[in-house]
Amino acid sequence: MVSVRRFSGFIYWVIGSLLWQITSVQAIPCIRLAGIVEDQLDHHPLSARLYAKTADGQLEIGSSSAQTGMFLVSVPCHTVGIFVKQPGYRPQYLPLDLSALKPSQQPITIIVPLLPVDKQDINKPYLQTEQTHIEQQKTVPYIGKPQPNQFTIVDALTNRPLTASVCFFFTKTGRRHCTNTPNGHPIIIPFAEPDIVAVDITAVGYQPYQGNLIVDELDDKIRQHVIRLTRALTLLSVQSAVVGNHYVLYPSDGGSPIPLAPVPGSPSTLITYTAQPGSYTLTILDATRLVRQQQLISLTTGLNSLNTEHIFPSSSTTVSSNRNSLPVIYFDQSSFTLRPEAKLTLLQLVTYLTQHPNVQVFIIGHTDAEGDERLNQILSEHRAKVVSSFLFSQGIADSRMKLSGCGSHYAIASNDSEALKARNRRVQLRLVPE
């Protein structure tokens, strides 16, 4: 018969073994991350600590070098994101969807920017975490006009103005005033007396900002304040098969192009951390700025990692090297307006057609499966027509162009998501001898 003491010891041993096994499983690395932590404003390297966020909390997984900012860490399989922290800087968060990141022997290379905190100052907003003891001196009451203060709320990475909710709490009167920045435009708040004003700001998708403003010097001149809000990183890391190419993201909504920058010490990896989640055309240009390849991609919040050997077919090259495999011209939903990157591609096609006068071009318009098919047919024809009109404006004769619209009948992707439907909103080009 087993004694109570021996049985209890056995139970503790079983529990301990199970906990060791669970901990061991959780510690199994799924991916490795290599890269650089840098100051967002002047890009100098930073020493920072990296933490894996899990359902159980945060686990420190490494740190970056103070001299180079470089790090190499193993990320456990149960990780949902990475926190990067350094005193004097706002913490940065990078969400991870490990199921979407392909396992590889090579680490995924990233750059993590950290934004310095706003230190306590006079007449400038600063974070409440930086507050030290202060007593405003009694001064002669201000009798002039209320001083106008203009506040602009921007994205910390892109300086893009944001629509946000802003609340001011006035210490002396206890008054609370809340307003919104209309469509990202600045707001103006008058200050009538010296005070310490708390500023609370919230915007969808951004970390809340809790700050203070010491109102000390009053006059009738407008003071301008820019407050930066931080968001979880949307980071694209591209492993290039060819060193020396240029990579550019063209937003589907017609926004400004976003160039990717090579990582110092890793020229085959190109990075951007300023993009927003959404659909883009990833365009590769060679050293002479000719379009080599284009591909429609979708970025989600967090780490997006691509390898050009996986996302680009080997036959997708320039016009001059493979005339029957041309870049696809993509369009916005329900639109037949040419995007900037499409015009760049078509200008290169014009060069080729000018140099090869015996070649014709077939222009075939397509749509996604949304809406009435009769209207889709008309839209696909309009898309083909706008391409031909652009070529005609550049000197290509109508007799060298054959147009057709196929509606949604020849999809190259399913219509199960917006990203997949966007691949169907296209014009395909094909060159044939006369």
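Up top is the structure these notes are about.
Residues numbered from 1 in each chain as written. Predicted model: local features only at pLDDT ≥ 70, side-chain atom pairs only at ≥ 80, totals over all residues. Heavy atoms only, no water.

**Q** Would you explain the sheet that holds strand β20 (residues 266–272) in this entry?
**A** Adjacent strands of a sheet pair through backbone hydrogen bonds, lying either parallel or antiparallel. In spatial order, the strands read β19-β20-β16-β23; together these 4 strands make up an open sheet with mixed pairing. Lying at the two open borders of the sheet, with one neighbouring strand each, are β19 (261–263) and β23 (302–307). Averaged over all pairs of adjacent strands, the angle between strand axes in this sheet comes to 30 degrees, irrespective of strand direction. Pairing of strand β16 (residues 234–239) with β23, which is carried by 6 bridges, proceeds in the parallel orientation. Each residue of the ladder has a partner; that of V238, found in β23, is L306. (Pairing = 2+ DSSP bridges. Helix = DSSP H or I, 4+ residues; strand = E, 2+ residues; numbered from the N terminus. Axes fitted to C-alpha atoms, helices over the stretch in contact; angles between N-to-C directions.)

**Q** How should the pattern of salt bridges be read in this particular structure?
**A** For side chains of opposite charge, pairing can occur when their charged atoms come near one another. Within this structure, the stated rule accounts for 11 salt bridges. A salt bridge links E60 to R49; the nearest nitrogen and oxygen atoms lie 2.6 Å apart. In this pair, E60 is assigned in strand β3 (residues 57–63) and R49 in strand β2 (residues 49–54), connecting sequence segments 11 residues apart. The exposure class of R49 is partly exposed, given its relative accessible area of 44%. Where D332 meets R339, a salt bridge forms, and the shortest distance between an N and an O atom there is 2.9 Å. Overall, the relative accessible area of 25% leaves D332 in the partly exposed class. For R339, a relative accessible area of 6% corresponds to the buried category. It is possible to trace a salt-bridge network through shared partners that takes in E217, D219 and R223. (Salt bridge = Lys/Arg side-chain N within 4 Å of Asp/Glu carboxyl O. Buried < 20%, exposed > 50% of the residue type's maximum accessible area, 1.4 Å probe, protein only.)

**Q** Quick question: what am I supposed to make of the packing of aromatic side chains here?
**A** Per the counting criterion, the structure on display carries 3 aromatic pairs. Summarising the aromatic geometry, the rings of F83 and Y93 are spaced 4.6 Å apart at their centres and angled 35 degrees between planes, so their arrangement reads as tilted. Of this pair, F83 sits in strand β5 (residues 81–85) while Y93 sits in strand β6 (residues 92–95), placing them 10 residues apart in sequence. Y93 matches F83 in its accessibility class, with the two residues each being buried. Against the face of Y51 rests K85, its NZ or CZ located 5.3 Å from the ring centre. One cation-aromatic arrangement involves K85 over F83; the distance from NZ or CZ to the ring centre is 5.3 Å. (Phe/Tyr/Trp six-rings, centres within 6.5 Å; stacked < 30°, edge-to-face > 60°. Lys NZ or Arg CZ within 6 Å of the ring centre and 35° of its normal.)

**Q** Honestly, the environment of P186 in this entry has me stumped. Any pointers?
**A** If you trace the backbone, P186 turns up in the loop between β11 (176–180) and β12 (187–191). On a C-alpha basis, the gap between P186 and Q224 in space is 9.4 Å, while along the polypeptide they are 38 residues apart. What P186 contacts, discounting residues up to four positions off in sequence, is Q150, F151 and T152. (Contact = heavy atoms within 4.5 Å.)

**Q** Which parts of the structure should I look at to understand the sheet that holds β6?
**A** The strand order across the open sheet built from 4 strands is β3-β2-β5-β6, with neighbouring strands paired in antiparallel fashion. Where the open sheet ends on each side, the last strands, each with one partner, are β3 and β6. Each strand of the sheet is rotated relative to its neighbour by a mean of 25 degrees, with strand direction disregarded. In this structure, β2 lies alongside β5, joined through 5 bridges in antiparallel fashion. In the sheet register, R49 faces β5, and the bridge partner there is K85.

**Q** Could you clarify how one ought to interpret the pairing of strand β13 (residues 195–202) in this entry?
**A** Regular strands place their side chains on alternate faces of the sheet. In this structure, strand β10 (residues 165–170) lies alongside β13, joined through 6 bridges in antiparallel fashion. Bridge pairing links C167 to D200 in β13. Turn length for the β13-strand β14 (residues 209–215) hairpin, with the two strands adjacent in sequence and antiparallel, is 6 residues, and the turn residue G205 shows positive phi of about 85 degrees.

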